[in-house]
Amino acid sequence: MMAMPRAPRRTRWSALAASALIQCSAGSSYCFGVYSPALKASQGYDQSALDAVAFFKDIGANAGVLSGFLAAWAPSGRRRPWIVLLAGAALCTAGYLPMWLAVAGVAPAPLPLMCVYMLLAAQAQTFFNTADVVTAVENFPDRRGTVIGIMKGFLGLSGAILVQVYRTLQIDPSTFILMLAVLPTAITLMLMYFVDVHNAHEQYNKKFLDAFSVIAVTVAGYLMIVIISDQAFMISSAVQSVCFVILLLLVMSPVAIVVKAQKSESIHPADSTSEQRIRLLYQEAAEGSESANSASTLGGSPEDLSAGKENLNLLQAMCKLNFWLLFLAMACGMGSGLATVNNISQIGGSLGYETRETSTLVSLWSIWNFSGRFGAGFISDHFLREKGVGRPFFIGATLLIMSLGHAIISSGLPASLYIGSVLVGLCYGSQWALMPSITSEIFGLNHFGTIFNMVAVASPVGSYILSVRVVGYIYDMESPPGERACVGKHCFALSFMIMACVCVFGSAVAFILFIRTRMFYRRVVYARLQSFLEK
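The following refers to the structure shown. (Residues numbered from 1 in each chain as written. Predicted model: local features only at pLDDT ≥ 70, side-chain atom pairs only at ≥ 80, totals over all residues. Heavy atoms only, no water.)

## Some points on the overall build of the protein chain
Summing up its helical and strand segments, the protein chain has 23 helices and 0 strands in all. Per-residue burial over the protein chain gives 59% buried out of 535 residues. When contacts within the protein chain are restricted to residue pairs at least 6 apart in sequence, long-range pairs at least 24 apart make up 84% of them. With an accessible surface of roughly 20,200 Å², the protein chain has 68% of that area assigned to carbon and sulfur atoms. (Helix = DSSP H or I, 4+ residues; strand = E, 2+ residues; numbered from the N terminus. Buried < 20%, exposed > 50% of the residue type's maximum accessible area, 1.4 Å probe, protein only. Contact = heavy atoms within 4.5 Å. Areas by Shrake-Rupley, 256 points an atom, 1.4 Å probe, with all protein chains shown as cover.)

## Structural notes on the pattern of salt bridges
This model, assessed by the stated rule, comprises 5 salt bridges. Linking arginine 10 and aspartate 196 is a salt bridge whose minimum nitrogen-to-oxygen distance equals 3.6 Å. Here the residue arginine 10 occupies a position in the segment before α1 (12-26), and aspartate 196 occupies one in the loop between α8 (173-191) and α9 (206-233), the gap between them amounting to 186 residues. Looking at arginine 10, the relative accessible area reads 32%, which means it is partly exposed. Here glutamate 441 and arginine 391 are joined by a salt bridge, their closest N and O atoms 2.7 Å apart. Highlighted residues: glutamate 441 in helix α20 (residues 416-443) and arginine 391 in the loop between α18 (355-387) and α19 (392-411), separated in sequence by 50 residues. Put simply, Asp381, Arg391 and Glu441 are held in one network by salt bridges that share partners. (Salt bridge = Lys/Arg side-chain N within 4 Å of Asp/Glu carboxyl O.)

## Some remarks on the packing of helix α16 (residues 321-342) against helix α22 (residues 458-478)
Across the interface, α16 lies against α22 with an axial gap of 7 Å and an inter-helix angle of 55°. As judged from the angle between their axes, α16 and α22 are oblique. In this structure, the crossing between α16 and α22 has a hand that is right-handed. Contact residues: Phe327, Met330, Ala331, Cys332, Met334, Gly335, Ser336, Leu338, Ala339 and Asn342 in α16; Ala458, Ser459, Gly462, Ser463, Leu466 and Ser467 in α22. Each residue belonging to the contact of α16 with α22 can be placed in one class, and the counts come to 9 nonpolar, 7 polar and no charged. (Axes fitted to C-alpha atoms, helices over the stretch in contact; angles between N-to-C directions. Parallel < 35°, antiparallel > 145°, perpendicular 65-115°, else oblique. Left-handed = near helix turned anticlockwise from the far one by under 90°. Nonpolar A, V, L, I, M, F, W, Y, C, P; charged D, E, K, R; others polar.)

## Re helix α7 (residues 144-169)
Along its 26 residues, α7 runs 37 Å from first to last C-alpha, staying within 8% of the 38 Å computed at 1.5 Å per residue. Where α7 bends most, the angle comes to about 35°, and this point is serine 158. Within α7, 25 of the 26 residues are buried, leaving the element largely enclosed by the surrounding structure. (Expected span 1.5 Å × (residues − 1). Bend = angle between axes of the 7 residues up to and from the residue.)

## Let's talk about empty space enclosed by the protein
Applying the stated criterion to the full structure yields 6 cavities of 30 Å³ or more. Considered as a void within the structure, the largest cavity measures approximately 160 Å³ in volume. Along its surface, the largest cavity is lined by 20 residues, and Tyr30, Ala61, Asn62, Gln125 and Trp432 are the ones closest to its centre. Elements with a minimum of two residues in the lining of the largest cavity: α3 (47-62), α6 (111-139), α7, α16, α20 and α21 (448-456). The element that contributes the greatest number of residues to the lining of the largest cavity is α6, accounting for 4 residues. Per-class residue counts for the lining of the largest cavity are 9 nonpolar, 8 polar and 3 charged. Taken as a whole, the second largest cavity spans an internal volume of roughly 60 Å³. (1 Å grid on protein atoms, 1.4 Å probe; cavity = no way out; pocket = protein on both sides within 12 Å on 5 of 7 lines; lining within 4 Å. Points joined across faces, edges and corners; volume = space filled by probe spheres on them.)

## Here we look at the state of the cysteines
Linking two cysteines covalently via their sulfur atoms produces the bond known as a disulfide. Under the criterion given, the structure shown has 1 disulfide. Each disulfide pairs two cysteine sulfurs, and for cysteine 486 the partner residue is cysteine 491, the sulfurs being separated by 2.0 Å. A torsion of -90° about the S-S bond marks the disulfide between cysteine 486 and cysteine 491 as left-handed. Judged by its relative accessible area of 3%, cysteine 486 is buried. Looking at cysteine 491, the relative accessible area reads 0%, which means it is buried. (Disulfide = S-S within 2.5 Å.)

## A closer look at the nonpolar core
Within the largest apolar cluster, 158 residues are counted, with the highest numbers of intra-cluster contacts made by Trp13, Tyr96 and Phe176. When residues no more than four places from it in sequence are discounted, the contact partners of tryptophan 13 are Phe140, Tyr204, Asn205, Phe208, Leu209, Phe212, Val258, Ala261 and Glu265. (Core = buried A, V, L, I, M, F, W, Y, C linked by side-chain atoms within 4.5 Å.)

## Topic: the environment of proline 460
Along the chain, the position of proline 460 falls in helix α22. What makes proline 460 buried here is its relative accessible area of 3%. Residues within four places of proline 460 in sequence aside, it is in contact with Phe55, Asp58, Ile59 and Asn62.

## Quick word on the packing of aromatic side chains
Under the definition given, this model contains 24 aromatic pairs. Pairing phenylalanine 323 with tryptophan 324 gives two aromatic rings, centres 4.9 Å apart and planes at 80°, and the pair type is edge-to-face. The exposure class assigned to phenylalanine 323 is buried, which follows from its relative accessible area of 0%. Residue class for tryptophan 324 comes out partly exposed when judged on its relative accessible area of 39%. Clustering of aromatic rings is evident, with ring pairs tying together Phe383, Phe393, Phe394, Phe511 and Phe514. Sitting over the ring of tyrosine 193, arginine 10 keeps its end group 4.5 Å from the ring centre. (Phe/Tyr/Trp six-rings, centres within 6.5 Å; stacked < 30°, edge-to-face > 60°. Lys NZ or Arg CZ within 6 Å of the ring centre and 35° of its normal.)

## Brief notes about a nonpolar patch on the surface
A cluster of nonpolar side chains, contributed by Trp82, Leu86 and Leu189, occupies part of the molecular surface with about 280 Å² of accessible area. Tracing the chain through its elements places tryptophan 82 in helix α5 (residues 81-103). (Patch = residues over 30% accessible without salt bridge, like charges linked within 9 Å, V, L, I, M, F, W, Y side chains within 5 Å.)

Put into structure tokens, the structure is as follows:
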């Protein structure tokens, strides 16, 4: 009698791979620039109305407090990420499906209802992202910067991946909205079984984690080559299909890493190496409680040296000055970054770019977004472990570079949108990798999902002020009377110069946070690692 096949084995590696694949389709909010012209035309919106819809997109995609509470819910003492993913899948369909019906003319919706649809659709992204990021951090607590960079990186790449599906299938923008309702939901339902929390104290071979990083970089590099080649040589549909098949194989390659990792660990269990002992020390330093005696011994303010306590819930974290410094810095950086990507089609139109060029800019934005997310996670991990440099330093540095990007876009010079979007996209992605890492280190892991999603609310807050009240208002003011389109570099010059100044202010706030927390990073995390290495 034939034996029944056993269910696939679930490990931290299968959880990481499944999370990465879900992230590859979760970033539908980054595709707003692809279908926003169709949404604007079909509903008869002016720029301010479109920016209002984009604002609700930003709220949904970034205000993930509900997903954080659901992720922290642990019935019978165990968290269940699949519940969070299932809720995200339901929200995705509930938002994009009626939006498609409205754009297709089947069931027209007034502006307030369209904003609700957009809110639901974008809120799904926070549920996908929270489940994947929190699970990855709990499975690899010693490499949180790296795994957050991988998760956030694939999320950033998802915009470009979805655009490649759109171009390969050669569908119209309204059908693309329908695809966004179906594809992320189907992928999540297929893979959510594998996303689970495993014993963080079990040893693992770091080379397999590095392999995930290599795959992420390879996918990003391949996408950039395809996007630039398509723009330069006008790739035929047959070649586009071949390129897409190769992309699918690359995206699916983490499955091979999982098979190798599980086979290797079942045959040769990892030894208790110094790297593993360092890993446990790092986890203890980042998660363990710091007593009052420790604070007295080490010196510095109690708030600096009590960072990383496990007992900090959302309300306790919000009573800390460090929380609001991080929140304000993120409002400046993420808010101005969202204002840029939300209006990138309109910026391109005002400067004379064709529709194909603006869709290329949206795809390239995903590449720069990924590069920032992955690079910031890896680099900040390196400098923290080797030099004791706190991650808030990199928030301040990226905000300064972002201000330069906004100033370049403001100039309206030839290729300024390409150059400026590279700088803004890189820095915007960096902040999304750095912020969760900083949150987990300063406030601990018990309520990590809830706290980092509350900090992420800074993104739509900043976006509303900068995109709706600044960019949208100035654009409509610069448009000719009675018209809804503005042509010329004056359309966005003033608004982007304002955002450049906002980023300089945010950088100063981030450096204040860096100064306040430098004792924690050097004397708690870095010092423990160094003392062990010296033994």
